[in-house]
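The chain contents come next:
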Amino acid sequence: VPVPFDASLEGYLEYLRGQREAPTEKPPAISVTAIELDGTAATDFVTLQARLTVEVTEAAQPVRFPLALSEAVIQQATVKANGRAIFGGKDPERGYSWWLNGIGTYEFDLKLGLPIRKLSPWRRVQLSLPSSPVTSLRLRLPVAASATKMVPDDAVLETSTLDTGHTEIRSSGFGSRL
């Protein structure tokens, strides 16, 4: 085994102590634990009520929360929390952000307006979301849907026709892209 010229037993023992005392992995300062979307589609836009549950574990200083939602317009926002939530602006690429100050649970209740993209013969809705282990969507369409597709393909998708002739889409597990 090659040994460096200036190696010492004391240096090696110090190295071993440092390895044992290495800092353990810390949880993230912020974590989105659930996203729930409920809305109705019209001809040119979708109105969504978005509820996001966010856990903050860092109290020393405010933590930036990248909310995403860059394709949407926030029409109304309410944040319930023990700490403070301060709007941080909107970046065209990364979407909306908030500064959260204080440990605990933050509940975002947002009313969103989202355009429907018309790519003949399809109509498409796209929305960037923060990563979360729990995601759910309930969307009512004003017509009977002939074909519905959800990306990613492994998302759970259920489509039903209501008594009114409208379509209701329910989905979960769609991750950070709707």
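Counting starts from 1 at the beginning of each chain's written sequence and moves along it residue by residue. This being a predicted model, a pLDDT of at least 70 is required before a residue's local features are given, and a value of 80 or more before pairs of side-chain atoms are given or counted; all residues contribute to the totals for chains, interfaces and linings. Side-chain metrics in this entry use all non-hydrogen atoms of the structure; hydrogen atoms and water are not considered.

**Considering the sheet that holds strand β2 (residues 45–56)**
Sheet architecture is open: 7 strands sit in the order β4-β7-β2-β1-β10-β12-β11, paired in mixed fashion. Two strands lie at the open edges of the sheet, namely β4 (73–80) and β11 (156–161), each paired on one side alone. Adjacent strand axes in the sheet meet at a mean angle of 15°, parallel and antiparallel pairs treated alike. Here, any two strands with at least 2 DSSP bridges between them count as paired. Put simply, DSSP H or I for four residues or longer makes a helix, DSSP E for two residues or longer makes a strand, and each gets a number counted from the N terminus. In this sheet, strand β7 (residues 104–115) lies alongside β2 in antiparallel orientation, the contact comprising 12 bridges. Residue Glu 55 lies in a different strand from β7, and its bridge partner there is Thr 105. Think of each axis as a best-fit line through the C-alpha atoms, taken over the contacting stretch in the case of a helix, with angles from 0 to 180 degrees between the N-to-C directions.

**As for unusual backbone geometry**
Comment: phi is negative for the bulk of residues other than glycine, and the bulk of peptide bonds are trans. Here the phi dihedral of Ala 68 falls at roughly 70°; this positive angle occurs in a residue that is not glycine. Turning to its location among the elements, Ala 68 is positioned in strand β3 (residues 63–68). Residues other than glycine seldom take positive phi values, yet Leu 69 does so here, at roughly 60°. Structurally, Leu 69 can be placed in the loop between β3 and β4.

**Observations concerning the side chain of Glu 168**
With respect to the helices, strands and loops of the structure, Glu 168 is situated in strand β12 (residues 167–172). A distance of 3.0 Å separates a polar atom in the side chain of Glu 168 from a polar atom in the side chain of Arg 138. A contact between two residues is defined here by any heavy atoms of the two lying within 4.5 Å. If we ignore the near neighbours within four places in the chain, the residues touching Glu 168 are Arg 138, Leu 139, Arg 140, Glu 158, Thr 159, Ser 160 and Leu 162. Within 3.5 Å is the distance limit for a polar contact, defined as a pair of N or O atoms, with the added protein rule that one can donate a hydrogen and the other accept it, and that residues adjacent in sequence qualify only through two side-chain atoms.

**Re the nonpolar core**
Among the nonpolar cores identified, the biggest contains 35 residues, and Leu 37 and Leu 127 are the most heavily contacted of them. Among the elements of the structure, β1 (30–41), β2, β3, β6 (95–101), β7 and β10 (135–141) are those that each provide at least two residues to this core. Considering each element in turn, this core owes the most residues, 6 residues, to β2. For Leu 127, the residues in contact, after removing those within four places along its chain, are Leu 37, Leu 48, Leu 69, Glu 71, Ala 72, Leu 112, Leu 114, Ser 176, Arg 177 and Leu 178. Only buried residues count toward a nonpolar core, which is a set of Ala, Val, Leu, Ile, Met, Phe, Trp, Tyr and Cys residues joined through side-chain atoms within 4.5 Å. Exposure categories follow from relative accessible area, calculated using a 1.4 Å probe and restricted to protein chains: below 20% of the type maximum is buried, above 50% is exposed, and the middle band is partly exposed.

**Considerations on the packing of aromatic side chains**
Stacked, tilted and edge-to-face pairs are distinguished by plane angle, under 30 degrees for stacked and over 60 for edge-to-face with tilted covering the rest, among Phe, Tyr and Trp rings (Trp via its six-membered ring) whose centres lie within 6.5 Å. This model, assessed by the stated rule, comprises 4 aromatic pairs. Centre to centre, the rings of Phe 87 and Tyr 96 are 6.3 Å apart; their planes meet at 50°, and the pair counts as tilted. The class for Tyr 96 is buried, based on a relative accessible area of 10%. Counting every residue linked through ring pairs, the aromatic cluster contains Phe 65, Phe 87, Tyr 96, Trp 98 and Phe 108.

**Quick look at the environment of Thr 164**
When you line up the elements, Thr 164 lands in the loop between β11 and β12. A relative accessible area of 56% means that Thr 164 is categorised as exposed. Sequence separation between Thr 164 and Pro 142 is 22 residues; the distance between their C-alpha atoms is 9.1 Å. Within polar-contact distance, the side chain of Thr 164 engages the side chain of His 166 at 2.6 Å.

**Details of the pattern of salt bridges**
When a carboxyl oxygen of Asp or Glu is within 4 Å of a side-chain nitrogen of Lys or Arg, the pair counts as a salt bridge. Taken as a whole and judged by the stated rule, the model has 6 salt bridges. For Arg 140, the salt bridge is made with Asp 38, and the minimal N-O distance between the two is 3.0 Å. Pair noted here: Arg 140 is in strand β10 and Asp 38 is in strand β1, with a separation of 102 residues, a long-range link. Among the residues examined, Asp 38 registers a relative accessible area of 22% and is labelled partly exposed. Its salt-bridge partner being Glu 168, residue Arg 170 comes within 3.0 Å of it at the nearest N-O pair. If you follow the salt bridges from partner to partner, you end up with Asp 38, Arg 138, Arg 140, Glu 168 and Arg 170 in one network.

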